[in-house]
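What follows is the residue order along each chain.
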Amino acid sequence: IVCFLLTLGAGLGVSGWQRFSNRNNKAQIDPQSAIATVGDIQVPQSRFQERYNRVLSQAGKDVSPQNLEMLRLDTFNKTVRFSLLSVEAQKSNVKVRGSEVRKYLNTLALNSGLRNRGEVKKTVVKQGGNWSQFQDSIEEDIRVNKFVEAMQRGIVVKQQDIDDYYTKVKARHILIKFNPRSFTV
């Protein structure tokens, strides 16, 4: 069950019940508790720390200092990216139905060896988590995932785009050798 809670976020990138995110990530976060600010969007230290702790628990004890730094940077980048996507998903008015949250919780329960989402709730509460915040976290993750999927569906790469890109790349790397002494003005 402890492993269940440590890996709970592996599916959609759930940040966990310890994430105390507000709904718009703007100005309501104490700037001193923000790990980063992008424009007017502040990324809470608590969101980063929870994700980093989860990554460390999954990585094990034998992590070199160099790999530890890479994990920290990767976690930081993913936390900032998620926070920005979350704000954009809210601005785009992406809706998440209660049935989507319930379905995800049921899938999470089955993948974790639990019978249903009721057991997920018991486990979260038993570990000191707040069930309402946990559900909000899952809802936010589903919202971001739906937003990213919608963005990806809107991206169309045509063969001409690919050809144009490679033509430009090739053209940038053409070197012409000439003798400056034979060049006259």
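Here, every reference points to the structure presented above.
So, here's what we can say about the structure. (Residues numbered from 1 in each chain as written. Predicted model: local features only at pLDDT ≥ 70, side-chain atom pairs only at ≥ 80, totals over all residues. Heavy atoms only, no water.)

## Examining the overall build of the protein chain
Item 1. Counting secondary structure elements, the protein chain contains seven helices and two strands.
Item 2. Moving toward the C terminus, one meets the helices and strands of the protein chain in the order α-β-β-α-α-α-α-α-α.
Item 3. In the protein chain, buried positions account for 31% of the 185 residues.
Item 4. A separation threshold of at least 6 residues defines the contact pool for the protein chain, and within that pool the share at least 24 residues apart is 68%. (Helix = DSSP H or I, 4+ residues; strand = E, 2+ residues; numbered from the N terminus. Buried < 20%, exposed > 50% of the residue type's maximum accessible area, 1.4 Å probe, protein only. Contact = heavy atoms within 4.5 Å.)

## Describing the packing of aromatic side chains
The way to describe two aromatic rings as a pair is by their centre distance and the angle between their planes.
Item 1. Applying the stated rule across the entire model yields three aromatic pairs.
Item 2. Residues Phe-48 and Tyr-52 carry aromatic rings whose centres are separated by 5.6 Å and whose planes lie at 10° to one another, so their mutual orientation is stacked. Here Phe-48 pairs with Tyr-52, and both are found in helix α2 (residues 45-59), just four residues apart, close to one helical turn.
Item 3. When its relative accessible area of 6% is taken as the criterion, Phe-48 is described as buried.
Item 4. Tyr-52 sits in the buried class, given a relative accessible area of 6%. (Phe/Tyr/Trp six-rings, centres within 6.5 Å; stacked < 30°, edge-to-face > 60°.)

## A word on the pattern of salt bridges
Item 1. Enumeration over the complete set of coordinates arrives at eight salt bridges.
Item 2. Residues Arg-54 and Glu-50 are paired through a salt bridge, measuring 3.8 Å at the closest nitrogen-oxygen approach. Here Glu-50 and Arg-54 lie together in helix α2, a separation of four residues that amounts to about one turn. Grouping residues by exposure puts Arg-54 and Glu-50 together as buried.
Item 3. Note that Asp-74 is salt-bridged to Lys-78, the shortest N-O span being 3.2 Å. Here Asp-74 and its partner Lys-78 are both found in helix α3 (residues 65-91), four residues apart, which amounts to about one turn of the helix.
Item 4. On the basis of relative accessibility, which here comes to 35%, the residue Asp-74 falls in the partly exposed class.
Item 5. Residue classification places Lys-78 among the partly exposed residues on the basis of a relative accessible area of 41%. (Salt bridge = Lys/Arg side-chain N within 4 Å of Asp/Glu carboxyl O.)

## Concerning the nonpolar core
Where a protein is soluble and globular, its nonpolar side chains tend to be buried together.
Item 1. In terms of nonpolar packing, the biggest core is built from 13 residues, with Leu-105, Val-120, Phe-134 and Ile-138 touching the most fellow members.
Item 2. Residue assignment for this core shows that the elements contributing at least two residues are α4 (98-111), α5 (117-126) and α6 (131-153).
Item 3. Among the elements that take part in this core, α4 stands out by supplying five residues, more than any other. (Core = buried A, V, L, I, M, F, W, Y, C linked by side-chain atoms within 4.5 Å.)

## Description of the packing of α3 against α6
Item 1. α6 packs onto α3 with a crossing angle of 80° between their chain directions and a minimal axis gap of 9 Å. What the angle tells us is that α3 and α6 run roughly perpendicular. Residues Phe-82, Leu-85, Ser-86, Glu-88, Ala-89 and Gln-90 of α3 form the contact with α6, whose participating residues are Glu-140, Asp-141, Arg-143, Val-144, Phe-147 and Val-148.
Item 2. Of the residues contributing to the contact of α3 with α6, the split by class is six nonpolar, two polar and four charged. (Axes fitted to C-alpha atoms, helices over the stretch in contact; angles between N-to-C directions. Parallel < 35°, antiparallel > 145°, perpendicular 65-115°, else oblique. Nonpolar A, V, L, I, M, F, W, Y, C, P; charged D, E, K, R; others polar.)

Take it as geometry only, folks, not as evidence of what the structure does.
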